[in-house]
Amino acid sequence: QVQLVESGGGLVQAGGSLRLSCAASGSIAGINAMGWFRQAPGKQRELVAGITRNGKTNYADSVKGRFTISGDNARNTVYLQMNSLKPEDTAVYYCNAELLKNDCWGRGTQVTVSS
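So, a few notes on the structure that sits alongside this text. Numbers given for residues are sequential positions, taken from 1 along each chain in its written order. Under the rules for a predicted model, residues below a pLDDT of 70 receive no local features and side-chain atom pairs below 80 are neither given nor counted, while totals for whole chains, interfaces and linings still include all residues. By convention in this description, side-chain values take in all heavy atoms of the structure and omit both hydrogens and water.

Looking at the pattern of salt bridges
Part 1: We define a salt bridge as a side-chain nitrogen of Lys or Arg found within 4 Å of a carboxyl oxygen belonging to Asp or Glu. All chains considered together, the criterion is met by five salt bridges.
Part 2: A salt bridge links Glu-46 to Arg-38; the shortest N-O distance between them is 2.9 Å.
Part 3: We call a residue buried when its accessible area falls under 20% of the maximum for its residue type, exposed when it is over 50%, and partly exposed in between, using a 1.4 Å probe and counting protein chains only. Under the relative-accessibility criterion, Glu-46 is labelled partly exposed at 34%.
Part 4: In this structure, the salt-bridge partner of Arg-38 is Asp-89, at a minimum N-O distance of 3.0 Å.

Okay, here's the thing in structure tokens:
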């Protein structure tokens, strides 16, 4: 059993920054990788950034150079630093934990970027 809690979302003007946090609790030893997904109105949920236990990262092309994912294994927390935010980044951002046979999802945090 893994519990994920996101925080750090909010309203920001275009060009601004936000830092999202995802704290994992429970059976965290079973987590192999974590990531951030987002879902905007009328769109499918998409991968924004992911990070493995060993620190390998990957990003969606749309956020490369602007977003940075990082992990703190000691704190069981993953962060998403979002810079140079654009209105098209507006979405609900969900934290994800990859386990052996299934994924665990947080409830999401709203990010709204005004133009």
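So, next bit.
A short note on the packing of aromatic side chains
Part 1: To pair, rings of Phe, Tyr and Trp, with the six-membered ring standing in for Trp, must have centres within 6.5 Å; the planes then decide the type, stacked if under 30 degrees apart, edge-to-face if over 60, and tilted in the middle. Evaluated as defined, the whole model comprises one aromatic pair.
Part 2: Taking the centre distance of 4.9 Å and the plane angle of 65° together, the rings of Phe-37 and Trp-105 count as edge-to-face. Of this pair, Phe-37 sits in strand E4 (residues 33–39) while Trp-105 sits in strand E10 (residues 103–105), and the two are 68 residues apart along the sequence.
Part 3: Taking the relative accessible area as the measure of exposure, Trp-105 reaches 35% and is therefore partly exposed.
Part 4: In this analysis the charged atom, NZ for Lys or CZ for Arg, is taken to sit over a ring once it is within 6 Å of the ring centre and within 35 degrees of the ring normal. Over the aromatic face of Tyr-79 sits the side chain of Arg-19, whose NZ or CZ is 4.0 Å from the ring centroid.
Part 5: In this structure, Arg-45 is placed above the aromatic ring of Trp-105, and the distance from its NZ or CZ to the ring centre is 4.7 Å. Counting from the N terminus, the helices are the DSSP runs of H or I reaching at least four residues and the strands are the DSSP runs of E reaching at least two.

Quick look at the nonpolar core
Part 1: Ranked by internal contacts, the top residues of the largest apolar core, which has 31 residues, are Leu-4, Met-34, Trp-36, Leu-80, Met-82 and Tyr-93.
Part 2: Among the elements of the structure, strand E1 (2–7), strand E3 (18–26), E4, strand E5 (46–52), strand E7 (67–72), strand E8 (77–82), strand E9 (91–98) and strand E11 (109–114) are those that each provide at least two residues to this core.
Part 3: The residues contacting Leu-80, other than those within four sequence positions of it, are Leu-18, Arg-19, Leu-20, Trp-36, Val-48, Ala-49, Phe-67, Thr-68, Ile-69 and Tyr-93. Joining through side-chain atoms within 4.5 Å is the link that ties buried Ala, Val, Leu, Ile, Met, Phe, Trp, Tyr and Cys residues into a set, and such a set is a nonpolar core. Throughout, a contact is declared for two residues whenever any of their heavy atoms are within 4.5 Å.

Describing the state of the cysteines
Part 1: The definition used for a disulfide is geometric: two cysteine sulfur atoms within 2.5 Å. What the rule picks out here adds up to one disulfide.
Part 2: Disulfide pairing places Cys-22 opposite Cys-95 at an S-S distance of 1.9 Å. An S-S torsion of about -85° defines the bridge between Cys-22 and Cys-95 as left-handed. Of the two residues, Cys-22 is situated in strand E3 and Cys-95 in strand E9; the sequence distance between them amounts to 73 residues. Both residues of the pair, Cys-22 and Cys-95, belong to the buried class.
Part 3: No disulfide involves Cys-104; its sulfur sits 8.4 Å from the nearest other cysteine sulfur, which is in Cys-95.

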